[in-house]
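Structure at a glance
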Amino acid sequence: GKARDCVAIVSTHEGGRVPENCRQVIEDQIDDLVHDFRVGATALRGRRFAVLGLGSSAYADNRYCAAAKKLEKQLRKLGASRIASEKLDDQSDESDA
């Protein structure tokens, strides 16, 4: 059968950009699906996902884990549902460990 669940671990590159190694998937493929009038808001109905964003809260809110937030929003627009709440891991806390 087809896989129904997906877990994505996504970091954010400087300036809040999607990292190069996942840019093709997030910005090209998934973003294209979201904006394609032929693909409905139910394209991923029945699929579930979880997103873990890696970033530093030392950056502005609109840049902190921006890539993970973008992916989460895109997947929801395509009709997928969350397995778990969005988790954002703050790398600036590493010095406390």
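Residues numbered from 1 in each chain as written. Predicted model: local features only at pLDDT ≥ 70, side-chain atom pairs only at ≥ 80, totals over all residues. Heavy atoms only, no water.

**Observations concerning the pairing of strand S2 (residues 48–55)**
- By the bridge criterion, seven bridges tie strand S1 (residues 5–11) to S2 in an arrangement that is parallel. Opposite isoleucine 9, over in S2, you have leucine 52 as the bridge partner.
- Read as a crossover between parallel neighbours, the route from S1 over helix H1 (residues 20–35) to S2 is right-handed.
- Across two bridges, S2 lies against strand S3 (residues 81–82) in parallel orientation. In the strand pairing of S3, arginine 48 is matched with serine 81. (Pairing = 2+ DSSP bridges. Helix = DSSP H or I, 4+ residues; strand = E, 2+ residues; numbered from the N terminus. Right-handed = clockwise from strand over helix to strand, strands pointing away.)

**Quick look at unusual backbone geometry**
- Positive phi, close to 55°, is recorded for cysteine 65, a residue that is not glycine.
- Looking at where cysteine 65 falls in the secondary structure, it is placed in the loop between S2 and helix H2 (66–77).
- Residue cysteine 65 is classed as buried on the basis of its relative accessible area of 1%. (Buried < 20%, exposed > 50% of the residue type's maximum accessible area, 1.4 Å probe, protein only.)

**Some points on the pattern of salt bridges**
- In the structure shown here, the tally under the stated rule is six salt bridges.
- Ionic contacts of the salt-bridge type, sharing partners, join the residues Glu20, Arg23, Glu27 and Lys70 into one network. (Salt bridge = Lys/Arg side-chain N within 4 Å of Asp/Glu carboxyl O.)

**Notes on the side chain of glutamate 72**
- With respect to the helices and strands, glutamate 72 occurs in helix H2.
- Of the residues examined, glutamate 72 reaches a relative accessible area of 4% and is grouped as buried.
- Aside from chain neighbours lying at most four places away, what touches glutamate 72 is Phe49, Val51, Arg82 and Glu86. (Contact = heavy atoms within 4.5 Å.)

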